Amino acid sequence: VRVLRRLDPIAPDAGPSRRVTLDTFNPFCARFRDAPHRNALCESCDDHHARLEFAGKKVAAPHRCHMHLLDLTAPIRVNGRVRGVLFAGQIVDRDEATLAQIGRNVARKAPELATELQALARRAAIPTDEVRSFEVRFREFADLFQTTVNAFAQSKQHEAERDALLRVNEYLARLESEDVT
């Protein structure tokens, strides 16, 4: 899992604003992103897909990043609202059409690294059946993560309800102890 985006609690309707990164980029992406102007392209692509999740306009399906690598996202909901987005992927399919498209994108966006990046893409490429297996495992992980978030949110809600009832009971006890004549 690469990036978790979450809403800014101060301006939750502004969309994704902060990022918690677990920077485990594949070698292709790490090399591409090592220059700020190229990293900005990746950030923009991630932001676009995160905003689609926050807006509820994205179906739960893999997508291609701006370089044509496979990425997956999963919304994280709390009380029915999207509050974060899980990202995973940076997968290169081992098929010639995908590798050719990546090569064209490299030639356009990082021509000075074309030979190196194309070699990294070929080394990172995995068979299609492994890609499908990764997608399934990611969905399972995202479901488990959502279940954990739901349990945590429910626990916090019960805790808040219990605290509110204790405060009400304390208030009622104070009223009872006061002499009302």
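In this text the structure is predicted, and so the values were computed from the model without any measurement.

Q: Account for the overall build of the protein chain, with residues named and values stated.
A: Within the protein chain, the secondary structure is distributed over five helices and five strands. Within the protein chain, the proportion of its 181 residues that are buried is 34%. Across the protein chain, the fraction of contacts at a sequence separation of at least 24, relative to all contacts at a separation of at least 6, is 62%. Per element, the accessible surface of the protein chain, about 10,800 Å² overall, is 56% carbon and sulfur.

Q: Break down the pairing of strand β4 (residues 70-78) for me, with residues and values.
A: Among the nine residues of β4, seven are classified as buried, and the element is accordingly described as predominantly covered. Taken together, the two bridges between strand β3 (residues 63-64) and β4 define a ladder with antiparallel strand orientation. The partner of Arg-64 across the bridge, within β4, is Leu-70. Taking the residues between adjacent antiparallel strands as the criterion, β3 and β4 are bridged by five residues, where His-68 takes a positive phi near 85 degrees. Where β4 lies against strand β5 (residues 81-91), nine bridges are found, and the strand directions are antiparallel. Residue pairing in the sheet places Thr-73 in a bridge with Phe-87 of β5. Linking β4 to β5, which pair antiparallel, is a turn of two residues; within it Asn-79 sits at a positive phi near 55 degrees.

Q: Help me get a handle on a nonpolar patch on the surface, residues and values and all.
A: Judged by side-chain polarity, Val-168, Tyr-171, Leu-172 and Leu-175 come together as a nonpolar surface patch covering roughly 350 Å² of accessible area. Mapped onto the secondary structure, Leu-175 falls in helix α5 (residues 128-177). With relative accessibility at 35%, the residue Leu-175 sits in the partly exposed group.

Q: Could you give an account of the packing of helix α3 (residues 96-109) against helix α4 (residues 114-124), with specific residues and numbers?
A: Any two packed helices are characterised by how steeply their axes cross, that is the angle between the axes, and by the distance between the axes. Contact pair α3 / α4: the axes reach a minimum separation of 10 Å and the direction vectors enclose 155 degrees. With respect to α4, the element α3 is oriented roughly antiparallel. Where α3 crosses over α4, the handedness of that crossing is right-handed. Across from Glu-96, Leu-99, Ile-102, Gly-103 and Val-106 in α3, the residues of α4 making contact are Ala-114, Leu-117, Gln-118, Ala-121 and Arg-122. Along the lines of polarity and charge, the residues of the contact of α3 with α4 split into six nonpolar, two polar and two charged.

Reading the values: the criteria
Residues numbered from 1 in each chain as written. Predicted model: local features only at pLDDT ≥ 70, side-chain atom pairs only at ≥ 80, totals over all residues. Heavy atoms only, no water. Helix = DSSP H or I, 4+ residues; strand = E, 2+ residues; numbered from the N terminus. Buried < 20%, exposed > 50% of the residue type's maximum accessible area, 1.4 Å probe, protein only. Contact = heavy atoms within 4.5 Å. Areas by Shrake-Rupley, 256 points an atom, 1.4 Å probe, with all protein chains shown as cover. Pairing = 2+ DSSP bridges. Patch = residues over 30% accessible without salt bridge, like charges linked within 9 Å, V, L, I, M, F, W, Y side chains within 5 Å. Salt bridge = Lys/Arg side-chain N within 4 Å of Asp/Glu carboxyl O. Axes fitted to C-alpha atoms, helices over the stretch in contact; angles between N-to-C directions. Parallel < 35°, antiparallel > 145°, perpendicular 65-115°, else oblique. Left-handed = near helix turned anticlockwise from the far one by under 90°. Nonpolar A, V, L, I, M, F, W, Y, C, P; charged D, E, K, R; others polar.

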